[in-house]
Amino acid sequence: MKVLALDFGRARTGVAVSDPTGMIARPLCVVESAATGDGLARLAALIGEEQAERVVGMPLTLRGEHGEQATETERFVEALTDVISVPVVTYDERFTTDLAEQAPSDAPEDARAAAHLLSSYLTWTSGAGA
């Protein structure tokens, strides 16, 4: 199953995608202002281009609680589900930005953070038999 991950942020949202087997994550790009009409349209186009069958992402506070960013992300997820036909799964993405900062590459940091989120999710689902 091909999965697309979003590391949502007000200004910039990192995007990563798995390979068709759902085993390997790679940073894809950054979408500016993803919660706007233009941003949602860009994400819908990416999901279609990549033929993703699932989208994941959800920030929690360091204590694992839904904070202000998670509430904003929930509104974003609701808007996104209105413009796409694939399921959106909320998955704990704490520490992805920190991990991206520690592993520099040519890919944008937000996209690397999304790739860390996706790698974690893929590992979790493979262990859960999903």
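Just above, that's the structure.
Residues numbered from 1 in each chain as written. Predicted model: local features only at pLDDT ≥ 70, side-chain atom pairs only at ≥ 80, totals over all residues. Heavy atoms only, no water.

**A closer look at helix H2 (residues 68–83)**
For the record, the criterion: The numbering of helices and of strands both runs from the N terminus, where a helix is a DSSP run of H or I of at least 4 residues and a strand a run of E of at least 2. Any helix carries an expected span of 1.5 Å times its number of residues minus one. Throughout this description, buried means an accessible area under 20% of the type-specific maximum (1.4 Å probe, protein chains only), exposed means over 50%, and partly exposed covers the range between. In this description, the arc belongs to the directions extending from the helix axis to the C-beta atoms.
Taking 1.5 Å of rise per residue, 16 residues should cover 22 Å, and H2 covers 24 Å from first to last C-alpha, within 8% of that figure. For H2, the full list of buried residues reads Ala 70, Glu 72, Thr 73, Phe 76, Val 77 and Leu 80. All buried residues of H2 fall inside an arc of 155° around its axis, so they share one side. Exposed residues lying more than 90 degrees from the buried face of H2 are Glu 68, Arg 75, Glu 78 and Asp 82.

**A look at unusual backbone geometry**
Although it is not a glycine, Ser 33 sits at a positive phi angle of roughly 45°. Relative to the assigned elements, Ser 33 resides in the loop between strand E3 (25–32) and helix H1 (37–50). Residue classification places Ser 33 among the partly exposed positions, given a relative accessible area of 31%. Residues other than glycine seldom take positive phi values, yet Gln 51 does so here, at roughly 55°. Along the chain, Gln 51 turns up in the loop between H1 and strand E4 (54–58). For Gln 51, a relative accessible area of 62% corresponds to the exposed category.

**Comments concerning the nonpolar core**
How we decide: Residues belong to a common nonpolar core when they are buried Ala, Val, Leu, Ile, Met, Phe, Trp, Tyr or Cys residues joined through side-chain atoms within 4.5 Å. By definition in these notes, contact holds between two residues if any of their heavy atoms fall within 4.5 Å.
Judged by nonpolar contacts, the single largest core of 19 residues is most densely connected at Leu 4, Leu 6, Val 15, Leu 43, Val 55, Phe 76 and Leu 80. Looking at this core, the elements with two or more residues in it are strand E1 (3–7), strand E2 (12–18), E3, H1 and H2. Not counting residues within four places of it along the chain, the set of residues in contact with Leu 43 comprises Leu 6, Val 15, Val 31, Ala 34, Phe 76 and Leu 80. Counting residues in hydrophobic clusters, the runner-up holds 12 residues, among them Ala 5, Ala 16, Val 56 and Leu 122.

**Section: the packing of H1 against H2**
Geometry of a packed helix pair, given as the angle between the helix axes and the separation of the axes. Note the threshold: Axis lines are fitted through C-alpha atoms, for helices just across the contact stretch, and the angle between N-to-C directions can take any value from 0 to 180 degrees. By the definition adopted for this analysis, an angle is roughly parallel if under 35 degrees, roughly antiparallel if over 145, roughly perpendicular if from 65 to 115, and oblique otherwise. Two helices crossing with the near one rotated counterclockwise from the far one by less than a right angle form a left-handed crossing, whereas a clockwise rotation gives a right-handed crossing. Side-chain classes are defined by residue name, with Ala, Val, Leu, Ile, Met, Phe, Trp, Tyr, Cys and Pro counting as nonpolar, Asp, Glu, Lys and Arg as charged, and the others, Gly among them, as polar.
Viewed as axis vectors pointing N to C, H1 and H2 meet at an angle of 55°, and their least axial separation amounts to 10 Å. Compared by their axis directions, H1 and H2 come out oblique. H2 is crossed by H1, and the crossing has right-handed handedness. Along its contact with H1, which presents Leu 40, Leu 43 and Ala 44, the element H2 presents Phe 76, Ala 79, Leu 80 and Val 83. Among the residues forming the contact of H1 with H2, the class breakdown is 7 nonpolar, no polar and no charged.

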